[in-house]
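Given next are the chains, with one letter for each unit.
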Amino acid sequence: MSITLARIAELTGGRLAGDGARVLDRARPLEEAGPGDLSFVASEKVLPRLPGCAAGALIVLNGLEITGRDVVYHENPHAAMAQVVEVLYPEVAPEPGVHDLAVVHPDARLGEGVSVAPFAVVEADAVLGDGVHIGAGAVVSRGVRVGAGTIIHPRVVLYPRVTLGKGCLVYAGAVIGAEGFGFALVGEQHVKVPQVGGVEIGDDVEIGANSCIDAGTLAPTRLGDNTKVDDLVMIGHNNQIGRSVLLCGQVGLAGSNTIEDFVILTGQTGVSGHLRVGKGAMAAAKSAIMRDVAPGEKVAGVPHMPLDLWRRVWKASQRLPEMRREMKALLRRVDDLERLMDSEAP
Amino acid sequence: MSITLARIAELTGGRLAGDGARVLDRARPLEEAGPGDLSFVASEKVLPRLPGCAAGALIVLNGLEITGRDVVYHENPHAAMAQVVEVLYPEVAPEPGVHDLAVVHPDARLGEGVSVAPFAVVEADAVLGDGVHIGAGAVVSRGVRVGAGTIIHPRVVLYPRVTLGKGCLVYAGAVIGAEGFGFALVGEQHVKVPQVGGVEIGDDVEIGANSCIDAGTLAPTRLGDNTKVDDLVMIGHNNQIGRSVLLCGQVGLAGSNTIEDFVILTGQTGVSGHLRVGKGAMAAAKSAIMRDVAPGEKVAGVPHMPLDLWRRVWKASQRLPEMRREMKALLRRVDDLERLMDSEAP
Amino acid sequence: MSITLARIAELTGGRLAGDGARVLDRARPLEEAGPGDLSFVASEKVLPRLPGCAAGALIVLNGLEITGRDVVYHENPHAAMAQVVEVLYPEVAPEPGVHDLAVVHPDARLGEGVSVAPFAVVEADAVLGDGVHIGAGAVVSRGVRVGAGTIIHPRVVLYPRVTLGKGCLVYAGAVIGAEGFGFALVGEQHVKVPQVGGVEIGDDVEIGANSCIDAGTLAPTRLGDNTKVDDLVMIGHNNQIGRSVLLCGQVGLAGSNTIEDFVILTGQTGVSGHLRVGKGAMAAAKSAIMRDVAPGEKVAGVPHMPLDLWRRVWKASQRLPEMRREMKALLRRVDDLERLMDSEAP
């Protein structure tokens, strides 16, 4: 696909300065852009990098002045770029219909415009809303409900008792609704406790590649609307996750936590079981949350403490070996002082 | 499915109190149970939550007294619930036979009652015991042996030289027997060292979704009977894991460790290579085990230390910034004292 | 397969001592080797374990003297074993051709000797070089380029805009090119920022089972030649990874890092976004890299510090509870001294 600079100005509501007939066919970062590429300048700070930039045209923040280049000025270059990107890199909508080499049970219910790719399996009593896409090799188990417009990428597995809302996006390899890790110790044997609560996912949720969301024991594991889950994230059984939560790469939640709305857990953070992480709380990368976190609190550390404290602790901790030496020296000096006092005592 | 309360009493050996004809069709936690749902009271502690509970009936711990409700009294409500759950949520046994759209090599040997779902591949010389199920899209490579009654969920990959015992359960997306991460540095190039030892898994083992168990170099990576592995766990080459071990979500084992029977490694714990973790030892979440752990020892921390010590260290560490201030103040005071002593010295 | 000891001497260029007609059919570690097995002695240190060893024959380091056994002496027993292993455990090369139950788009371009296994999908405009193998159930999306001799294992997903070089190996379940975790906050909603940069992978790269490499935002996420990625690794969008880098199990990289050539990140290490890890730097297991790391630096800790310092800090940290007690005692003694000085002051 390609687009002219004049069309970019029109599309984004920006102001054209330069050759509107210039044709662009890729969007690229400043350093990597060539003559056919569009790039952008969203801040004064990148101006020094401009002279070496070979981009064919730029979207530039209003107020900055660029000469000798073909430019569209805009109040929000990031948002404008995103609009252009959607034109240059259109999603290829899959053809509606069930591929000859897919297996869809006759008792499954498919809405309008549903597409099922090769080697996908849709079992009995599954319900796929209008416009749902089931990717190659994905498995939709019996009774699963998938809301309208939801896109299931290749090789995703949806176990029984899973419900997905509308407009969700599930990346390749994600596994939703496997039975959680629940065992009873009978004598010396771990014996499985059935986990039949399923998973209930709201609207506009994204689940990253190869992430795993386990079924609840009796009631569903839940994720609220607009929550976004990155790759290789593990969500254990019975977690109750609110809306617009962000769980970054390799985050892991043990069982039965409540993660309230707008929480952000950054990469590799873990949450022990049966905890509450309050609304809007945030954890720095690789935190281990081992007690409740208050709404709005920022935490870090293994186990976690307030972020500010953690910064100071970490700084101080690097002085620990030195502190031990100082402490020993101090002990000797106080010993000496005491000895001296004793000897001087009347 | 549904069940009457009278049948529940009979099935579990509990004592009926109330309307035996009451019909229940789901098991739910107290807070989420409605009129058609069975819930349970396993401890005095939850009694205060009963007034708001809309459950149709309850399984209640013997000795507690509940009035005005339909109840089955039982000595172990958790175990009784598990029995009822199996009735209400029956596993749908797959039809024996090989699906038309599965590819099973003529030289594979299939026991009685084996089922192979669509898009599964079973290669030459694979041996599937009686009652084995191979899920949709799973791959059983040449020569793999799967013991009777073992269930392989969708999209599992079993590489060559993998042996699974009887009654195992492998969740979707798990990869067993990929070559381990072994390289020799030749000049500046990392060159692959072949890893041909395979994987040997005992009976009654569970492997969680998207977990990876790598093949040993020359001898197998091994997991003993009744060992349970959660989701997204990584078991590197040559690990020797005993029986009834629990490896929780996102645990990672580097190569060549010995993990003895009954060890429990909780979520996100890592074990460096060539270590021994003794029988019944336990690691708190996100531990990094970097030396051997004695049998029965409880550890925590990065790297690990005894659990008790770790708790005290963590507590003390939060006072570190304060300690540094105290230390500096103390230094000044001792300086002053010394100066004073000097000046007073005769 | 099997091999005689004489052939082993010939193949490896070693010196035969003993019965050259002895037939061996497996390679095994010393402790697990039986009469039909080859094992090896690469160092003096393992000599005490020899008396109990039942191996049929041994490859032994030149200079060591072994009597009463059939032996091949060699200057590098590890390398010699690897050569023999390739004979004893030959890779079964897949038959060239497209399986009847694979779906290959007519506009895909397949080189000589390409093999596509059952249930694989190769979309339009994909380009597969000579000798490429696409495993069972793998998905090669539209426009993807795979270099000659690259092996794609079962169930791998290559998203659009992915390029793989020559001679790469991608293990089962890996997902390459899913859109990265990029969102803009619009009001209270997380709104997806398209990630169209794709992934560009060099020659001789290995990607471990179930690992995830996300597409860049505008320019590709890149991995250089000979880089090796273990299982369950997460590489976020826009990372620029050099050549011959080792990323061990469960490593996680947030977005936009530069990881220079020859870096080694050991298991479960995390790297925050927008950082530079210099050439040949190394991180100990479970490190959290949160600032730039200089070339050649060795780091450890959460967050990281120099490895040597970290060792001393960890050691000292175990004395922290004791230090707090010492500190309090010292405070009291200095209080006493000051009181005494006061009382003695004239």
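Residues numbered from 1 in each chain as written. Chains lettered and ligands numbered in written order. Predicted model: local features only at pLDDT ≥ 70, side-chain atom pairs only at ≥ 80, totals over all residues.

Asks: Give a detailed account of the overall build of chain A, specifying residues and quantitative values.
Replies: Broken down by element type, chain A carries 4 helices and 40 strands. Taking 20 Å as the expected radius of gyration for a compact globule of 346 residues, we find that chain A reaches 28 Å, considerably beyond that expectation. Seen through its C-alpha atoms, chain A measures out along the principal axes to roughly 100 × 75 × 30 Å. Counted over contacts in chain A with a minimum sequence separation of 6, partners at least 24 positions apart contribute 21%. (Helix = DSSP H or I, 4+ residues; strand = E, 2+ residues; numbered from the N terminus. Rg over C-alpha atoms; globule rule 2.2 N^0.38 Å. Contact = placed C-beta atoms within 7 Å.)

Asks: Explain the sheet that holds strand β7 (residues 71-74) of chain C to me, and be specific about the residues and the numbers.
Replies: Within a sheet, each strand pairs with its neighbour through backbone hydrogen bonds, oriented either parallel or antiparallel. Residue and element names in this part refer to chain C. Within the open sheet, the 5 strands sit side by side as β2-β7-β6-β5-β4. Their pairing is mixed. Two strands lie at the open edges of the sheet, namely β2 (15-17) and β4 (26-27), each paired on one side alone. With 2 bridges joining them, β4 and strand β5 (residues 37-41) adopt parallel strand pairing. Note that in β5 the partner of A27 across the bridge is L38. (Pairing = 2+ DSSP bridges.)

Asks: So what about the relation of the copies chain B and chain A? Which residues, and what values?
Replies: After a rotation of 120° and a shift along the axis of 0.1 Å, chain B superposes on chain A with an RMSD of 0.1 Å. In symmetry terms, the pair is related by a three-fold rotation axis. (Least-squares fit on C-alpha atoms with pLDDT ≥ 70 in both.)

Asks: So what about the interface of chain B and chain A? Which residues, and what values?
Replies: Across the contact, 50 residues belong to chain B and 49 residues belong to chain A. When residues of the side of chain B that touches chain A are traced back to their parent elements, those giving at least two are α2 (77-88), α3 (307-317) and α4 (320-344) of chain B. For the side of chain B that touches chain A, the element with the most residues is α4 of chain B, which contributes 10 residues. Across the side of chain B that touches chain A, the residue classes tally to 28 nonpolar, 12 polar and 10 charged. (Nonpolar A, V, L, I, M, F, W, Y, C, P; charged D, E, K, R; others polar.)

Asks: Tell me what's going on with the interface of chain C and chain A, and back it up with residues and numbers.
Replies: Quite often, the size of an interface is put as the accessible area lost when its parts meet. Across the contact, 49 residues belong to chain C and 50 residues belong to chain A. Looking at the side of chain C that touches chain A, the elements with two or more residues in it are β21 (175-179), β23 (189-192), β26 (212-215), α3 (307-317) and α4 (320-344) of chain C. At 7 residues, α4 of chain C tops the list of elements feeding residues into the side of chain C that touches chain A. Each residue belonging to the side of chain C that touches chain A can be placed in one class, and the counts come to 30 nonpolar, 11 polar and 8 charged.

Asks: An account of α2 of chain B is needed here, citing residue identities and associated values.
Replies: All names here are of chain B. Between its first and last C-alpha, α2 extends 16 Å over 12 residues, near the 16 Å set by a 1.5 Å rise per residue. Residues P77, A80, M81, V84 and V85 constitute the buried set of α2. Seen from one end, α2 has its buried residues packed into an arc of 140°, which puts them on one side. In this structure, the buried side of α2 is in contact with β1 (3-4), α1 (5-12), β4 (26-27), β5 (37-41), β6 (57-61) and β7 (71-74). (Expected span 1.5 Å × (residues − 1). Buried ≥ 20, exposed ≤ 12 C-beta atoms within 10 Å, placed from the backbone. Arc of directions from axis to C-beta.)

Asks: Please set out unusual backbone geometry residue by residue, giving values where relevant.
Replies: In this model, V302 of chain A is joined to P303 of chain A through a cis peptide bond whose omega is -10°. Relative to the elements of secondary structure, P303 of chain A occurs in the loop between β39 (298-300) and β40 (305-306). Phi at L232 of chain C is positive, roughly 55°, even though this residue is not glycine. Within the fold, L232 of chain C resides in the loop between β28 (228-229) and β29 (234-235). With a phi close to 65°, Q250 of chain C is a non-glycine residue in the positive phi region. Position of Q250 of chain C relative to the elements: it lies in the loop between β31 (246-247) and β32 (252-253).

Asks: I'd like a rundown of helix α1 (residues 5-12) of chain A, residues and numbers included.
Replies: Residues and elements named next belong to chain A. All buried positions along α1 are accounted for by L5, I8, A9 and T12. Across the axial projection of α1, the buried residues extend over an arc of 100°, all falling on one side. Buried-residue contacts for α1 involve β1 (3-4), β2 (15-17), β3 (23-24), β6 (57-61), β7 (71-74) and α2 (77-88).

Asks: Which residues make up the packing of helix α1 (residues 5-12) of chain C against helix α2 (residues 77-88) of chain C, and what are the values?
Replies: All names here are of chain C. Direction vectors running N to C along α1 and α2 enclose 120°, while the axes themselves pass 10 Å from each other. One finds that α1 runs oblique with respect to α2. Between α1 and α2 lies a crossing of right-handed hand. Contact with α1, carried on its side by I8, L11 and T12, involves A80, Q83, V84 and V87 of α2 and no other residues of that element. (Axes fitted to C-alpha atoms, helices over the stretch in contact; angles between N-to-C directions. Parallel < 35°, antiparallel > 145°, perpendicular 65-115°, else oblique. Left-handed = near helix turned anticlockwise from the far one by under 90°.)

Asks: Which residues make up the sheet that holds strand β13 (residues 127-128) of chain C, and what values go with them?
Replies: All names here are of chain C. On the basis of which strands lie adjacent, the open sheet formed by 9 strands has the order β10-β13-β16-β19-β24-β27-β30-β33-β36 and parallel pairing. Across the chains shown, the open sheet's two edge strands, defined by having one partner strand only, are β10 (109-110) and β36 (276-277). With 3 bridges joining them, strand β19 (residues 162-164) and strand β24 (residues 199-201) adopt parallel strand pairing. For V162, the partnering residue across the bridge sits in β24 and is V199.

Asks: Which residues make up the confidence of the model for chain A, and what values do they have?
Replies: A low pLDDT means the predicted coordinates there should not be read in detail. Per-residue pLDDT for chain A has a mean of 95; in total, 99% of the residues score no lower than 70. Across the predicted assembly, pTM comes out at 0.96 and ipTM at 0.95. (pLDDT = per-residue confidence, 0-100.)

Asks: Can you lay out the pairing of β21 of chain C for me, pointing to particular residues and giving the numbers?
Replies: All names here are of chain C. Within β21, 5 of the 5 residues are buried, which leaves it mostly tucked inside the rest of the structure. Bridge count between strand β18 (residues 157-158) and β21: 2 bridges; the pairing is parallel. What sits directly across from V157, in β21, is V175. Sheet analysis places β21 next to β26, joined by 4 bridges and oriented parallel. Residue pairing in the sheet places A178 in a bridge with D214 of β26.

Asks: Would you mind going over the pairing of strand β22 (residues 183-186) of chain B in detail, with residue names and values included?
Replies: All names here are of chain B. Inspection of the sheet shows β22 paired to strand β23 (residues 189-192) by 4 bridges, in the antiparallel sense. Note that in β23 the partner of L185 across the bridge is H190. Joining the antiparallel neighbours β22 and β23 is a turn of 2 residues, in which G187 adopts a positive phi near 65°.

Asks: So what's going on with the environment of H78 of chain C? Residues and values would help.
Replies: Structurally, the position occupied by H78 of chain C is in helix α2. The spacing of H78 of chain C and A42 of chain C is 36 residues in sequence and 6.9 Å in space, taken between C-alpha atoms.

Asks: Got a sec to walk through the environment of A9 of chain B? Specific residues and values, please.
Replies: All names here are of chain B. Relative to the helices and strands, A9 resides in helix α1. A9 sits in the buried class, given 21 other C-beta atoms within 10 Å. Note: C-alpha distance between A9 and Y73 (64 residues apart in sequence) is 8.1 Å. If sequence neighbours within four positions are ignored, A9 has contacts with G14, R15, L16 and V72.

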